[in-house]
Amino acid sequence: AAPTRVFAFRDARWAPDPVLEPSAAVRSPQPAPLVIDNGSFQTRAGWACPDPAVPAEPLLRFRSLAARSRGARGGAGAETQVGNDLGSPEPLRWLLRSPFDRNVPVQLELQELLLDHVFQRLGVSSQGCVDHPIVLTEAVCNPLYSRQMMSELLFECYQVPKVSYGVDSLYSFYHNRRQNWPCSGLVISSGYQCTHILPVLEGRLDAKNCKRINLGGCQAAVYLQRLLQLKYPGHFAAITLSRMEEILHEHSYIAQDYIEELQKWRCPEYYEDNVHKMQLPFSNKLLGSTVASEEKQEKRQQQLRRLQELNARRREEKLQLDQERLDRLLYVQELLEDGQMDQFHKALVELNMDSAEELQSYINKLSLSVEQTKQKILQSEVNIEVDVVDSKPETPDLDPLGSEQSLEDVESINEFEPLFAEEQPEVEKPVAAVQPVFNLAEYHQLFLGTERIRAPEIVFQPSLIGEDQAGIAETMQFVLERYSKEQQAILVQNVFLTGGNTMYPGLKARIQKELLEMRPFQSSFQVSLASSPVLDAWYGARDWAVEHMNREEGWISRKDYEEKGGEYLKEHCASNVYVPIRLPKQAPRAAEAPGRASGTGNPGEQA
């Protein structure tokens with residue numbers, strides 16, 4: 001028998017990022033570049049410094065999310081939390097905001113919050129500005145408007161000295177191929193929102209033949225959530241996006257042949273050997289469990305006793321207050337009877353009364369109220385005594401009319417005795433242990449069968465979720481067909497996989513199978529996976545920043561920004577291709593000026 005594959009959800013909480021103290025090597029002899037991998041799923045930031053005292057890894061890693069609460073009513077103002085400070089995304093899911101539309105930053109207010117978080121936690125201590133060069137990743141074929149807004153934010157808000165933009169997947173390719181650079185290859189980058197096919201020729205991106213598929217890890221998580229919510233409607237709320245992402249990261253894989261793999265899952269033995277059971281949190285206490293009748297009776301008695309004590313205390317307090325007021329009014333009435341009229345009238349004014357008749361009316365009402373309260377207190381004490389007496393077991397009197405009965409009465413009772421025995425309720429017996437009719441832990445388990453391969457399959461078959469797009473294999477073939485046979489042979493010798501959505505087991509074998517089907521007979525190809533698909537983009541950006549720290553290549557200075565605009569880009573080996581905005585030229589109007597000045601000529605001809 002196969003071992004039971006039961007896995008518990010980790011539901012890990014994010015630990016808040018500490019405020020780091022930068023090393024002295026970051027500031028001297030010159031400010032070190034700050035590398036920010038600005039991903040739609042996660043932001044990674046760290047220093048690009050050749051000094052061994054500075055870690056050559058990202059010091060900050062947090063989700064690219066922000067949540068702004070409205071604040072307590074009448075209390076403190078709105079509070080903004082960013083990244084790991086959120087703790088867990090699920091309680092704040094409806095408040096979460098991202099600066100990205102797909103993989104392009106469009107909400108610059110939220111992007112500013114993320115950058116503030118980076119600069120504050122990395123300990124950037126310069127006053128009024130960030131005096132470190134910035135290396136920032138951007139989307140493939142990033143719109144000029146998005147780059148313009150980002151440059152405006154960096155140069156105008158943070159006063160950075162210079163900035164460089166590059167494509168994350170090209171940085172990853174550069175990091176893994178530095179020994180043979182410049183080289184050619186076909187980069188397949190699959191991230192949280194998009195999947196890209198990028199041809200690289202002689203170390204430069206061929207932007208005209210890049211293709212994008214609008215599917216990634218986010219769509220796979222939503223699809224998996226829909227599948228499991230339909231399969232387990234009783235656990236609808238417990239099937240959250242965070243848990244679906246955990247399933248994708250740790251329990252999903254890519255099938256080498258999707259149809260053949262589905263046929264395998266139809267076999268009961270294969271299903272039992274490969275199904276993963278995800279244990280949802282649950283309570284051992286059954287909702288329908290019965291409690292012993294003695295415990296119920298004891299609880300009722302305790303609640304009744306508390307209510308009676310509370311009511312008695314309130315009555316005593318009310319009696320004391322009424323008695324004090326009644327004594328005060330009787331003292332004023334005695335002043336009237338003794339003939340002390342001045343003091344009597346002063347007391348009436350203090351009591352806000354006009355006459356002795358009104359005083360007498362209040363005295364009568366208070367006397368009646370005090371008497372009624374005393375009677376209620378006495379009655380409640382009697383009821384408590386009666387309850388105590390009734391709680392003792394009594395033997396019922398079975399023969400109230402006498403001990404002598406006729407033989408006919410006894411026989412008639414014996415005739416109806418079976419009927420009475422059936423109608424009499426049985427005495428509840430205390431239940432020592434409740435035995436559930438089903439396994440409660442198994443009821444709170446999600447059985448992952450074909451869902452393990454269906455969710456990741458959408459990047460190869462987008463039609464599974466109703467998307468009218470081509471998959472990775474068709475797009476890759478479409479890109480290769482735009483080149484000559486010689487160039488195709490060069491590209492397929494270096495097929496490079498990178499991005500967080502390429503970490504599924506079996507993806508490399510699936511790409512090799514697809515290439516084997518589309519390439520000519522006896523042709524060769526080579527597929528490789530990034531050494532660290534998630535972090536290689538940051539490592540490549542750091543490598544580039546260290547090598548080009550003292551060069552002008554690839555850096556946009558403040559002077560370039562002011563002269564050529566925010567959309568300007570200096571190209572380098574891992575950047576996009578800069579396509580400037582070309583405005584249509586207006587027709588020269590010099591010929592019209594003399595005619596208008598003289599006021600002659602046909603108006604129709606001038607028009």
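How each quantity is defined
- Residues numbered from 1 in each chain as written.
- Predicted model: local features only at pLDDT ≥ 70, side-chain atom pairs only at ≥ 80, totals over all residues.
- Heavy atoms only, no water.
- UniProt positions renumbered as here; feature names shortened; annotations may be inferred.
- Core = buried A, V, L, I, M, F, W, Y, C linked by side-chain atoms within 4.5 Å.
- Buried < 20%, exposed > 50% of the residue type's maximum accessible area, 1.4 Å probe, protein only.
- Helix = DSSP H or I, 4+ residues; strand = E, 2+ residues; numbered from the N terminus.
- Contact = heavy atoms within 4.5 Å.
- Pairing = 2+ DSSP bridges.
- Axes fitted to C-alpha atoms, helices over the stretch in contact; angles between N-to-C directions.
- Parallel < 35°, antiparallel > 145°, perpendicular 65-115°, else oblique.
- Nonpolar A, V, L, I, M, F, W, Y, C, P; charged D, E, K, R; others polar.

Taking an unreviewed UniProt entry as the reference, the chain is identified by name as Actin-related protein 5 belonging to Agelaius phoeniceus. The UniProt entry for the chain carries this comment under Subcellular location (unreviewed entry): "Nucleus". According to the UniProt record, the Sequence similarities (unreviewed entry) comment for the chain reads "Belongs to the actin family. ARP5 subfamily."

Caption draft 1: Up close: the nonpolar core. In this structure, Leu228, Ile247, Leu446, Ile511 and Leu515 are the most contacted members of the largest nonpolar core, which totals 43 residues. Contributions of two or more residues to this core are made by β12 (185–190), α4 (217–231), α5 (241–251), β17 (445–448), α14 (472–480), α15 (485–492), β18 (495–498) and α16 (507–518). Residue contributions to this core peak at six residues, all from α4. Every residue in contact with Ile511, bar those within four places of it in the chain, is listed here: Ile188, Phe460, Ile472, Met476, Val495, Leu497 and Val527.

Caption draft 2: A look at the sheet that holds strand β7 (residues 96–97). Ordered by their spatial adjacency, three strands build an open sheet running β6-β5-β7, and the pairing between neighbours is antiparallel. Two strands bound the open sheet, and with one partner strand each, they are β6 (80–82) and β7. Direction of pairing for strand β5 (residues 66–68) relative to β7: antiparallel, over a ladder of two bridges. Note that in β7 the partner of Ala66 across the bridge is Arg97. Here helix α1 (residues 108–121) sits on the sheet and contacts β5, β6 and β7; the angle it forms with β6, its principal contact strand, is near 65 degrees.

Caption draft 3: Seen up close, helix α3 (residues 168–176). The buried count for α3 comes to seven of nine residues, which makes it a mostly enclosed element. Buried within α3 are the following residues: Ser169, Leu170, Tyr171, Ser172, Phe173, Tyr174 and Asn176.

Caption draft 4: Broad picture of the side chain of His548. Mapping His548 onto the fold places it in the loop between α17 (536–547) and β20 (556–557). Once you skip the residues sitting within four places of it in the chain, His548 turns out to touch Glu553 and Trp555.

Caption draft 5: Local environment of the sheet that holds β17. One open sheet accounts for three strands, arranged β1-β16-β17; its pairing is mixed. Whereas interior strands pair on both sides, the edge strands pair on one side only; in this sheet they are β1 (6–8) and β17. Pairwise comparison of adjacent strand axes, ignoring direction, gives a mean angle of 30 degrees for this sheet. As defined by bridge partners, strand β16 (residues 276–279) adjoins β17 across four bridges and the pair is classed as antiparallel. Its bridge partner lying in β17, Met278 is registered against Leu446.

Caption draft 6: Looking closely at the packing of α3 against α17. At a minimum axis distance of 7 Å, the contact between α3 and α17 shows a crossing angle of 70 degrees. With respect to α17, the axis of α3 lies roughly perpendicular. Of α17, the residues touching α3 (which contributes Asp168, Tyr171, Ser172, Tyr174, His175 and Asn176) are Asp536, Ala537, Tyr539, Gly540, Ala541, Asp543, Trp544 and Glu547. Grouping the constituent residues of the contact of α3 with α17 by class yields six nonpolar, four polar and four charged.

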